[in-house]
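Examination of the molecular architecture
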Amino acid sequence: MTESGTVPRVRPQAARLGGVFEAVSAGLPYETATHEAMAPKEAIVNIRDFDLWYGATRALYRIALDVPRGEVTALIGPSGCGKSTLLRSVNRMNDLIATVRIEGDMRLDGESLYSAGVDVIELRKRIGMVFQKPNPFPMSIYENIAYPLRIDGVKDRKVLDEVVERSLRSAGLWDEVRDRLDASALRLSGGQQQRLCIGRAIAGNPGVLLLDEPCSALDPIATGRIEDLIQELKGQYTILMVTHNMQQAQRASDNTAFMYLGRLVEYGPTQDIFVGPRLKETEDYVTGRFG
């Protein structure tokens, strides 16, 4: 949706060139084809006219996206299209790259994420993130979950115990590790490590959970467990995820945003994107005709 409440469409000059991809490749202005069904949904994250450069290289072009509260939204598109860059911008992970420059804004519950007074450390407590490869800390299972609370000054063992159990239950891992919480997290399987990382990310009870290709390093069984977990967590958390797997996006998400060369091409309910997309380019991508 635009600020005026209208649904953006492809501009005529883009269409005349012969299609979205040709228009984007030629650098012509392009506005996202956003489905009307997205309009009534309450957004927790609002992205407006967001641009990002790595030095002189522009990676994102005027991204406008509302992420609905309590739902799972998938970012799809070819490699290098800007999905992970956009995801990492939501909790300002790109701040760690010296050459990054941005324009536009992102808001969480109406508060700008990029205003001068934002405490980035506090922001990242409200927006958890899980990366492509599991990255448990080289410490016990218990301490992996407790660590974010400890660095925040929590010392009460009862509180820590409660958070560890709650987080591991939410991550679908409690029954598997309850009798070995003092064991090294590095001894867990890859799928268990990824669920542990999800448990660690939600230990501080964030409003938004970012998942960057959370299953790419996992086998099909572990992938299925993560997808089931995503369904269990939605509602309690708003989930924004990047995936290259079209079947995973279709199974696990409520909404899908298709990106190409740094642009957000089409955005709508997942069922509509996969069954009745507005654009032929979106249909070609989700059906495997390119990419």
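No experiment lies behind these values; they were computed from the predicted model shown.

1. A few points about the overall build of the chain
- For the chain, the count of helices and strands is 12 helices and 11 strands.
- By the compact-globule yardstick of 19 Å for 291 residues, the chain fits well, its C-alpha radius of gyration being 20 Å.
- C-alpha atoms of the chain, sized along the principal axes, occupy 65 × 45 × 35 Å.
- Among the 291 residues that make up the chain, the fraction classed as buried is 51%.
- The contacts in the chain between residues at least 6 apart in sequence include a share of 67% that link residues at least 24 apart.
- Carbon and sulfur atoms form 49% of the exposed surface of the chain, whose accessible area is close to 13200 Å².
- Averaging the coordinates of the 35 positive side-chain charges in the chain and doing the same for the 38 negative ones gives two points 3 Å apart.

2. Observations regarding the packing of helix H5 (residues 141–150) against helix H6 (residues 157–170)
- Contact geometry for H5 and H6: axes closest at 9 Å, N-to-C directions at 120°. Two packed elements cross with a definite hand, and for H5 against H6 that hand is right-handed. Within the contact between the two elements, H5 uses Ile-141, Tyr-142, Ile-145, Ala-146, Leu-149 and Arg-150 and H6 uses Arg-157, Leu-160, Asp-161, Val-163, Val-164, Ser-167 and Leu-168.
- Its residues placed into classes, the contact of H5 with H6 shows nine nonpolar, one polar and three charged.

3. A few points about the pairing of strand S9 (residues 238–242)
- With five of five residues buried, S9 is to be regarded as a mostly interior element.
- On S9, burial covers both faces: Thr-238, Leu-240 and Val-242 on one face and Ile-239 and Met-241 on the other are all buried.
- Where strand S8 (residues 208–212) lies against S9, five bridges are found, and the strand directions are parallel. By the bridge assignment, Asp-212 is partnered in S9 with Val-242.
- Considered for its hand, the β-α-β crossover made up of S8, helix H9 (residues 220–233) and S9 is right-handed.

4. A look at the environment of Val-154
- Mapped onto the elements, Val-154 comes out in the loop between H5 and H6.
- In this structure, Val-154 is in contact with Leu-149, Val-159 and Leu-160, ignoring residues within four places of it in sequence.

5. Re the side chain of Asp-51
- Tracing the chain through its elements places Asp-51 in strand S2 (residues 43–54).
- Engagement of the side chain of Asp-51 in a polar contact is seen with the side chain of Arg-58, the distance being 2.5 Å.
- Filtering out sequence-adjacent residues up to four positions away, Asp-51 remains in contact with Arg-58, Leu-60, Tyr-61, Arg-62, Arg-101, Ile-102 and Glu-103.

6. Examining helix H3 (residues 83–90)
- By the criterion of burial, H3 is predominantly enclosed, with six of the eight residues buried.
- Within the sequence span of H3, burial applies to Lys-83, Thr-85, Leu-86, Leu-87, Ser-89 and Val-90.
- Positive backbone phi, approximately 60°, marks Arg-92, located one or two places after H3.

7. Let's talk about the sheet that holds S2
- The strand order S3-S2-S5-S6 describes an open sheet built from four strands, whose pairing is antiparallel. A strand with exactly one partner marks an edge of an open sheet, and here the two such strands are strand S3 (57–68) and strand S6 (111–112).
- Pairing geometry for strand S5 (residues 100–108) and S6, over two bridges, is antiparallel. Paired with Leu-108 across the bridge in S6 is Glu-111.
- Where H3 meets the sheet, its contacts fall on S2, S3 and S5, and the angle it forms with S3 comes to roughly 60°.

What counts, and at which threshold
- Residues numbered from 1 in each chain as written.
- Predicted model: local features only at pLDDT ≥ 70, side-chain atom pairs only at ≥ 80, totals over all residues.
- Heavy atoms only, no water.
- Helix = DSSP H or I, 4+ residues; strand = E, 2+ residues; numbered from the N terminus.
- Rg over C-alpha atoms; globule rule 2.2 N^0.38 Å.
- Buried < 20%, exposed > 50% of the residue type's maximum accessible area, 1.4 Å probe, protein only.
- Contact = heavy atoms within 4.5 Å.
- Areas by Shrake-Rupley, 256 points an atom, 1.4 Å probe, with all protein chains shown as cover.
- Lys, Arg positive; Asp, Glu negative; His and termini not counted.
- Charge placed at Lys NZ, Arg CZ, Asp CG, Glu CD.
- Axes fitted to C-alpha atoms, helices over the stretch in contact; angles between N-to-C directions.
- Left-handed = near helix turned anticlockwise from the far one by under 90°.
- Nonpolar A, V, L, I, M, F, W, Y, C, P; charged D, E, K, R; others polar.
- Pairing = 2+ DSSP bridges.
- Right-handed = clockwise from strand over helix to strand, strands pointing away.
- Polar contact = N/O pair within 3.5 Å; in protein donor to acceptor, adjacent residues only side chain to side chain.

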